[in-house]
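Listed below, chain by chain, are the residues.
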Amino acid sequence: MTRFLLFLSSLLLICASGHCEDVAAASGSTADRYAFGMDMGKAAISGIMISRNSGDEITGCIINEFGVSAVDFIYSKKKRKMKLTSVARFLDKWYIKRVLCADLGFCLHVLYDIPYDDMRGYLVDTEGDSVTVIETKRSFRYTFSPLEDQPVTIEEDDTERQSV
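Residues numbered from 1 in each chain as written. Predicted model: local features only at pLDDT ≥ 70, side-chain atom pairs only at ≥ 80, totals over all residues. Heavy atoms only, no water.

Student: Before we go on, may I ask you to explain the overall build of the protein chain in this structure?
Tutor: Of the regular secondary structure elements, the protein chain holds 2 helices and 8 strands. Excluding contacts between residues fewer than 6 apart, the proportion of contacts in the protein chain whose partners are at least 24 apart in sequence is 40%. Accessible surface for the protein chain amounts to roughly 10,800 Å². Of this, 53% is attributable to carbon and sulfur atoms. (Helix = DSSP H or I, 4+ residues; strand = E, 2+ residues; numbered from the N terminus. Contact = heavy atoms within 4.5 Å. Areas by Shrake-Rupley, 256 points an atom, 1.4 Å probe, with all protein chains shown as cover.)

Student: So what exactly am I meant to see when it comes to empty space enclosed by the protein here?
Tutor: Unoccupied space between atoms shows up once a probe the size of one water molecule is rolled over them. Applying the stated rule across the entire model yields 1 cavity of 30 Å³ or more. When its volume is computed, the largest cavity comes out at roughly 50 Å³. Lining the largest cavity are Phe-36, Met-38, Ile-45, Ile-62, Ala-70, Val-71, Leu-91, Leu-100 and Leu-104. Breaking the lining of the largest cavity down by element, the ones donating at least two residues are β1 (32-39), β4 (69-76) and α2 (94-111). Grouping the constituent residues of the lining of the largest cavity by class yields 9 nonpolar, no polar and no charged. (1 Å grid on protein atoms, 1.4 Å probe; cavity = no way out; pocket = protein on both sides within 12 Å on 5 of 7 lines; lining within 4 Å. Points joined across faces, edges and corners; volume = space filled by probe spheres on them. Nonpolar A, V, L, I, M, F, W, Y, C, P; charged D, E, K, R; others polar.)

Student: It is not clear to me how the pairing of β4 should be interpreted in this structure. Could you clarify?
Tutor: Each regular strand shows side chains that alternate between the opposite faces of the sheet. Among the 8 residues that make up β4, 6 are buried, leaving the element largely enclosed by the rest of the structure. As defined by bridge partners, strand β3 (residues 57-64) adjoins β4 across 7 bridges and the pair is classed as antiparallel. Residue pairing in the sheet places Thr-59 in a bridge with Ile-74 of β4. Counting the residues that bridge the hairpin from β3 to β4 gives 4 residues, and of these Gly-67 lies at a positive phi of roughly 85 degrees. Here 6 bridges tie β4 to strand β5 (residues 81-87), and the two strands are oriented antiparallel to one another. Looking at the pairing, Phe-73 lines up with Leu-84 of β5. Here β4 hands over to β5 after 4 residues, with Arg-80 in that stretch at a positive phi of 55 degrees. (Buried < 20%, exposed > 50% of the residue type's maximum accessible area, 1.4 Å probe, protein only. Pairing = 2+ DSSP bridges.)

Student: Please clarify how the pattern of salt bridges should be interpreted in this entry.
Tutor: Pairing between side chains becomes possible if they bear opposite charge and their charged atoms approach one another. This model, assessed by the stated rule, comprises 3 salt bridges. The salt bridge partner of Arg-80 is Asp-117, with a shortest N-O separation of 3.9 Å. Here Arg-80 is found in the loop between β4 and β5, whereas its partner Asp-117 is found in the loop between α2 and β6 (122-127), with 37 residues between them in sequence. One salt bridge connects Arg-138 with Glu-135, and the closest N-O pair in it is separated by 2.9 Å. According to the relative accessible area criterion, Arg-138 is partly exposed, its value standing at 39%. (Salt bridge = Lys/Arg side-chain N within 4 Å of Asp/Glu carboxyl O.)

Encoded structure:
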């Protein structure tokens, strides 16, 4: 089962990085990949966040386990503004997008060590490489764990028919 999950996550990384190349296109920079979890009490979303830091902006996307893009975003460091460029239908409500903009903007400040003026309303917990940000007003929990690049190996199957 663990081997299957590793293969599935590697496959999602390949598919997700292809999808996010359109969203996070930049020259000469590499994409950062995180295992992502968002817990809102009654609901939760988990998957992969791929982001790219390129000069004045951070671009990226959040993809669930099935390869469906939940959120695509662009964060302007100069203006300190988050823009959601694409949002899945189940998150496409003005009040959800407003909270996501504020919370994901703060999370990017924490992940990329960008100074933040006002940390009121957030608790940050780091355990090893994992970072957890808790929004105290609504008790939303965002968890980010860096993913290592692991090569995908496909083992030969003995059940294949041998060539004659």
